[in-house]
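Here is what each chain is made of, one letter per residue.
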Amino acid sequence: MAQEEVVLEALDVHAAYGTHAVLHGVSLRVAPGETVALLGCNGSGKTTLLRLLSGLHAPASGQVLLFGQPLSRMRPRERAHRLAVLAQRPLFLPGMLARDFVLLGRYSRLPWWGMYSAADRAAAAAALEEVGASGLAQRPMRELSGGEAQRVALARTLAQETPLLLLDELSAALDAARAVALFDVLERRRRRGAAIVMAIHDCSLAALYATRLVGLREGVVLFDGPVTRVFTEENLAALYGTPLRVVAHPDNGQPQALVAQTCGPPADGSFAPVSRSGGCVRS
Amino acid sequence: MQHASPFFRRPAVVLLCVFLLCLISLPLSCLPGPAGIAAGDVWAALAAPLGFGDPVSSETSLIVLDIRLSRACMALLCGGALATAGVALQGVLRNPLADPFTLGISAGAACGASVMIAFGAPLAVLLGVSAAGLISGGALLGALLALGGALWLGRSGGTFSRESIILGGIAVAAFLGAVVALVKALNEESVTSIVFWIMGSLQGRGWNDLPLLLATLLPGLCCIACCWRALDVLGLGDEQAAQTGLAVGRARLLLLLGASSMTAGCVAVAGVIGFVGLVAPHVLRLRLGVGHGPLLFGAFFGGGLLLLWADVAARSLLGGGVEIPVGVVTALIGGPFFAFLVKRR
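What you see is a predicted model; the values in this text were computed from it and never measured.

Moving on to the overall build of chain B. Looking only at helices and strands, chain B features 15 helices and two strands. Here chain B has a C-alpha radius of gyration of 21 Å; the compact-globule value for 345 residues is 20 Å, and the two agree. Its C-alpha atoms put chain B at 65 × 60 × 35 Å along the principal axes. For chain B, the residues scored as buried account for 53% of the 345 residues in total. Partitioning the intrachain contacts of chain B with sequence separation of at least 6 by distance along the chain shows that 76% fall at a separation of at least 24. Total accessible area computed for chain B in this model is approximately 14,800 Å², and 71% of it derives from carbon and sulfur atoms.

Structural data, given as structure tokens:
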């Protein structure tokens, strides 16, 4: 990892919606070939930070630099050449074919007369192939399942061919197999030098794919570092406010988190008696 | 799952058919009329300027070329402009029920025209223009002022949000509608003319009105043509459109101005002709899909075709030279269609 080279840099950014402050002085550096996972509870500021990093939301103070240039002064087209975003809930025209939807990712490269070139079509086809959705190309978006639409949306993001990808909850609508397949796609992109920043709820999946973890709690960075150093029981308990156990993955030794105590049935298979209040007392 | 679409469903074939139908309809629409000219003479009159066939009497030539053909061309251009503006506004506002008059342009034009009909006679003498010219001018001015008002109301925080633009249009339309009612109350003898004008008509329109129409239509078409792909991108929602590289605010303003300029020109020439901007885009969307390139092209010719034949119906249904306002004909077609659209949503 070249220390000098920085794709994206947030310098002490603060953000607020109206009077409600969401981020309190967050700093972050992302280098090429890094996958940074943003961890945190709901409302911890992950999505807001992603919005700031993608230029959608202006920081109340502090600034975001993309390849050393202030993001706020970049034109949309320049920005779209450098970073691509996958939203949590991608919108689309329902009647649009998946292929045409993916082609919209090439918009920033179109000439003024707006026609796609052969290179654009090839990039869109390659992106669909990459996410394993070539078979969906001719289907209208409204006919796709949530997971299929998410894959096609990722293809649109990839078709933008940017050195930086920002992803908000890629795996939320996907089953485990599909999620792993898409994270594999992102890992291949990373190995080719792309920088990836993703907000993710599944911290175990994050530990398998991210090179760095950033924990956000109430708009403040709680920890920031390589997986092996920061993925600890103390950090995770502080982050999520519930005890988690960290164990080694049996295949590759990466740390994985397990919920420590639950109300689930006991391990011996006997059913716990149901208390009158329906509550669950953790020891 | 690749469907080989049937030949007549391919967008390119549909577009070609609509275009050819327009070409055929222009001379065909010159056939009916109160002057009772035989079909053979009509063909001869149409062919004469092209250097074919036998010469016809100057009277026949005048009726066919300067009255019927010029009116057909105006209908084609107005219909095309209204439908294109409809596609653009539906795309920009991401609202299938938007039409060229969503921004209060019709109310502005009606207001400007009403004031001129009721109180404009001295002004016409003063300026030395015809009454019809003054009404057109008043309508254009009213339309532009209403548009300005709606955009001003719809502008919040330096950008134009979809909701506030629509609300701005509604507010402007409601206010100007009241002004028209006031004008009618103050000047009762002008009520019939105002009502007839508001219903929209191409009666008496011809080559004289072409410069005014083209002066608003061509800049409008240019604005929309520059941003046609942006209409597709805007379907992703403002935020994702911006992340895809679109300067959302600028594209939206250009498209709104383009669509409004075209609409204002049509309204100044032909009054308020409803539903063309709604019916033509939706029918064509069924065949051409949601991509805006083919849709804008198809809507121009499809809308023209619709208004051309609606105008033929308007001037020949009653016979004896009595006309129905063409806005009534399009509303009679458009009303039920609109209901169907709402029901199916």
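Moving on from the coordinates now.
This brings us to the overall build of chain A. Counting its secondary structure elements, chain A contains nine helices and 12 strands. For a compact globule of 283 residues, the expected C-alpha radius of gyration is about 19 Å, and chain A comes in at 21 Å, within 12% of that figure. The dimensions of chain A, computed from C-alpha atoms along their principal axes, are 70 × 45 × 40 Å. For chain A, buried positions account for 49% of its 283 residues. By sequence separation, contacts in chain A at least 24 residues apart represent 64% of the contacts at least 6 residues apart. Of the roughly 13,400 Å² of accessible surface on chain A, a fraction of 53% belongs to carbon and sulfur atoms. The averaged location of the 25 negative side-chain charges in chain A is 6 Å from the averaged location of its 29 positive side-chain charges.

For Phe 67 of chain A, which is not glycine, the phi dihedral falls at a positive 50°. In this fold, Phe 67 of chain A is placed in the loop between strand 4 (61-66) and strand 5 (69-70).

A complete count under the given rule lists 23 salt bridges over all chains for this structure. Measuring nitrogen to oxygen at the nearest pair gives 3.3 Å for the salt bridge that ties Asp 100 of chain A to Arg 99 of chain A. In this structure, Arg 139 of chain A engages Glu 143 of chain A in a salt bridge whose closest nitrogen and oxygen atoms are separated by 3.5 Å. On the basis of relative accessibility, which here comes to 16%, the residue Arg 139 of chain A falls in the buried class. A network of salt bridges, in which partner residues are shared, links Arg 71, Asp 311, Arg 315 and Glu 323 of chain B.

Bringing the packing of aromatic side chains into the picture now. All names here are of chain B. Enumeration over the complete set of coordinates arrives at six aromatic pairs over all chains. Measuring from centroid to centroid gives 5.0 Å for Phe 19 and Phe 301, while their planes differ by 85°, and the two rings are edge-to-face. With Phe 19 in helix 1 (residues 11-28) and Phe 301 in helix 14 (residues 292-316), the pair connects residues that are 282 residues apart, well separated along the chain. Since its relative accessible area comes to 31%, Phe 19 is described here as partly exposed. On the basis of an interplanar angle of 85° and a centroid distance of 5.4 Å, the ring pair of Phe 300 and Phe 301 is categorised as edge-to-face. Take Phe 300 and Phe 301: they sit in the same class, and that class is buried. Three or more aromatic residues joined by ring pairs form one cluster here, namely Phe 19, Phe 297, Phe 300 and Phe 301.

A separate point is the nonpolar core. By size, the foremost hydrophobic cluster in this structure holds 163 residues, and its most contacted members are Leu 39, Val 152, Leu 154, Phe 183 and Leu 213 of chain A together with Trp 197 and Leu 246 of chain B. Judged by nonpolar contacts, the second largest core, of 28 residues, contains Ala 10, Leu 83, Leu 166 and Ala 195 of chain A.

Once that is clear, we can look at the sheet that holds strand 2 (residues 20-30) of chain A. All names here are of chain A. Taken together, four strands build an open sheet; the order of strands is 2-1-4-5 and the sheet is antiparallel. Single-partner strands in this sheet number two, and they are strand 2 and strand 5. Both strand 1 (residues 8-17) and strand 4 contribute to a ladder of five bridges, which runs antiparallel. By the bridge assignment for strand 4, Leu 8 is matched with Leu 66. In the packing of helix 1 (residues 46-53) onto the sheet, the strands contacted are strand 1, strand 2 and strand 4, and the crossing angle to strand 1 comes to about 120°.

Here we take up the interface of chain B and chain A. Of the residues lining the interface, 21 residues belong to chain B; the matching set on chain A comes to 33 residues. Of the roughly 2,200 Å² buried between chain B and chain A, counting both surfaces, carbon and sulfur atoms make up 59%. Joining chain B to chain A, the criterion identifies one salt bridge. A salt bridge links Glu 239 of chain B to Arg 51 of chain A; the shortest N-O distance between them is 2.9 Å. Summed over the shared surface of chain B and chain A, the number is seven residue pairs in polar contact (both at pLDDT 80 or more). Going through the elements one at a time, helix 10 (228-234) and helix 11 (238-243) of chain B are the ones with two or more residues in the side of chain B that touches chain A. Top element by residues in the side of chain B that touches chain A is helix 10 of chain B. It accounts for five residues.

Relative orientation and spacing of two packed helices are given, respectively, by the angle between their axes and the distance between those axes. All names here are of chain B. Interaxial distance between helix 6 (residues 131-154) and helix 7 (residues 162-186) falls to 7 Å at its minimum, and their mutual angle equals 135°. It follows from the interaxial angle that helix 6 and helix 7 lie oblique. The two elements helix 6 and helix 7 cross, and the hand of that crossing is right-handed. The segment helix 6 lies against helix 7, with Ala 146, Gly 149, Ala 150, Leu 153 and Gly 154 engaging Ser 164, Ile 165, Gly 168, Gly 169, Ala 171, Val 172 and Leu 176. Residues belonging to the contact of helix 6 with helix 7 are distributed by class as follows: seven nonpolar, five polar and no charged.

Every buried residue belonging to helix 2 (residues 39-47) of chain B is among Val 42, Ala 44, Ala 45, Leu 46 and Ala 47 of chain B, and all of these are buried. For helix 2 of chain B, the secondary structure elements touched by its buried residues are helix 1 and helix 3 (58-92) of chain B.

Criteria and cut-off values
All residue numbers refer to positions counted from 1 along the written sequence of the respective chain. Working convention: letters from A go to chains and numbers from 1 go to ligands, in the order in which they are written. Local features are withheld for residues below a pLDDT of 70 in this predicted model, meaning they are given only at 70 or higher, and side-chain atom pairs are given and counted only at 80 or more; totals for whole chains, interfaces and linings count all residues. Side-chain numbers here rest on the full set of heavy atoms in the structure, without hydrogens or water. Segments assigned H or I by DSSP are reported as helices when at least four residues long, segments assigned E as strands when at least two residues long, and all are numbered from the N terminus. The globule rule used for comparison is 2.2 Å times the number of residues to the exponent 0.38, while the radius of gyration itself is calculated over C-alpha atoms. Exposure is judged per residue with a 1.4 Å probe applied to protein chains only, and the accessible area is read against the type maximum: over 50% gives exposed, under 20% gives buried, and values in between give partly exposed. Throughout, a residue-residue contact means that at least one pair of heavy atoms, one from each residue, lies within 4.5 Å. Using a 1.4 Å probe, the Shrake-Rupley method yields the accessible areas, and only the shown protein chains count as cover for residues. For the charge count, each Lys or Arg is scored as positive and each Asp or Glu as negative, with His and the chain ends excluded. Just so you know, the charge point we use is NZ for Lys, CZ for Arg, CG for Asp and CD for Glu. Salt bridges are identified by distance alone: a Lys or Arg side-chain nitrogen within 4 Å of an Asp or Glu carboxyl oxygen. Classification of ring pairs rests on two measures: the distance between centres of Phe, Tyr or Trp rings, Trp counted by its six-membered ring, which must be within 6.5 Å, and the angle between planes, read as stacked under 30 degrees, edge-to-face over 60 and tilted in between. By nonpolar core is meant a set of buried Ala, Val, Leu, Ile, Met, Phe, Trp, Tyr and Cys residues that side-chain atoms within 4.5 Å join together. Each pair of strands is called paired provided DSSP finds at least two bridges between the two strands. Helix axes are fitted to C-alpha atoms over the stretch in contact, other axes to C-alpha atoms as well, and angles between N-to-C directions run from 0 to 180 degrees. Here's the idea: put two parts together, see how much 1.4 Å probe accessible area each one loses, and the total over both is what we call buried area. The term polar contact refers here to a pair of N or O atoms within 3.5 Å; inside protein, the definition further demands a hydrogen-donor-capable atom paired with an acceptor-capable atom, and it admits residues adjacent in sequence only when both atoms are side-chain atoms. When describing relative orientation, an angle under 35 degrees is termed roughly parallel and one over 145 degrees roughly antiparallel, while 65 to 115 degrees is termed roughly perpendicular and anything else oblique. The sense of a crossing depends on the near helix, which, turned anticlockwise from the far helix by less than a right angle, makes the crossing left-handed and, turned clockwise, makes it right-handed. Charged means Asp, Glu, Lys or Arg here, nonpolar means Ala, Val, Leu, Ile, Met, Phe, Trp, Tyr, Cys or Pro, and polar covers whatever is left, Gly included.

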